[in-house]
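The lines below spell out each chain.
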Amino acid sequence: MKVLVISPEKKDRSSRQRRLLIVRALEDLKVKLLNPLPGRPPKKLRPLMLFPKISYGKETALLAKAEVVIADLTVADYKTDFLVSQALAEGKPVLGLFGREINREKISSWNKAEFFYFDFFEKQNINSVLRRFFKFLKQLKQRRGKLIVLEGLDGAGKATQAKLLLDYLQNS
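Conventions used here
- Residues numbered from 1 in each chain as written.
- Predicted model: local features only at pLDDT ≥ 70, side-chain atom pairs only at ≥ 80, totals over all residues.
- Heavy atoms only, no water.
- Helix = DSSP H or I, 4+ residues; strand = E, 2+ residues; numbered from the N terminus.
- Expected span 1.5 Å × (residues − 1).
- Buried < 20%, exposed > 50% of the residue type's maximum accessible area, 1.4 Å probe, protein only.
- Arc of directions from axis to C-beta.
- Contact = heavy atoms within 4.5 Å.
- Polar contact = N/O pair within 3.5 Å; in protein donor to acceptor, adjacent residues only side chain to side chain.

*Asks:* Is there a simple way to explain helix α1 (residues 13-28) in this structure?
*Replies:* Residues spaced three or four apart along an α-helix point in a common direction, a consequence of the helix completing one turn every 3.6 residues. In this model α1 runs 22 Å from its N-terminal to its C-terminal C-alpha over 16 residues, within 8% of the 22 Å that 1.5 Å per residue would give. Residues of α1 that are buried include every one of S15, R18, R19, I22, V23, A25 and L26, and no others. Here the buried residues of α1 occupy an arc of 165° about the axis, which is enough to place them on one side. Facing away from the buried surface of α1 by more than 90 degrees, the exposed residues are R13, R24 and D28. With its phi angle positive at about 60°, K30 sits one or two positions after the end of α1.

Quick look at the structure:
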């Protein structure tokens, strides 16, 4: 599975430790990391452009190749927020990791997305958090849909039966 790790471009010690913790745990799980050194601050600062897809061209190209995105959302960062939103818009599963309390305001718009998951992480539980997430994704891929056919002549009540079936499935 191809995994893109998104992390804020911070130079502080705790940010580096969180990045390293996530990358090492993913390496233990033997997944293919598209960016083994995520969130490393650039040698020279890029000017922030009006079009983030252009500003973060390298990252969006990696995002196109990724099957799954893992994001460190502990500290707010424009690039990380943009890339998580972009991944969700493309229908890619995203695991948002928080090292401290969850910022409910930050995830309120993402939480409505079908493939956004979040969890706390620290050194003691990062492996189990990632294993649980990948196990869930595997189970999700194994689900199969059902085809329901409603047959009948005009005026036989197909639309009524379809509406009743829809109401039943949505309420159960």
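*Asks:* Would you take a moment to explain helix α6 (residues 126-142) for this structure?
*Replies:* Its 17 residues give α6 an end-to-end C-alpha distance of 25 Å, which sits within 8% of 24 Å, the value for a rise of 1.5 Å per residue. Taken together, the buried positions of α6 are occupied by I126, V129, L130, F133, F134 and L137. For α6, the angular spread of buried residues about the axis comes to 125°, placing them on one side. When the buried face of α6 is taken as reference, the exposed residues oriented beyond 90 degrees from it are K135, K138 and Q142. Buried residues along α6 sit against β1 (2-6), α1, β3 (68-72), β4 (94-98) and β5 (116-120).

*Asks:* What's the story with the side chain of S15 in this structure? I'm lost.
*Replies:* Structurally, the position occupied by S15 is in helix α1. Look at S15 and you get buried, because its relative accessible area is 1%. Within the local environment of S15, its side chain forms a polar contact with the side chain of R18, the two groups lying 3.2 Å apart.

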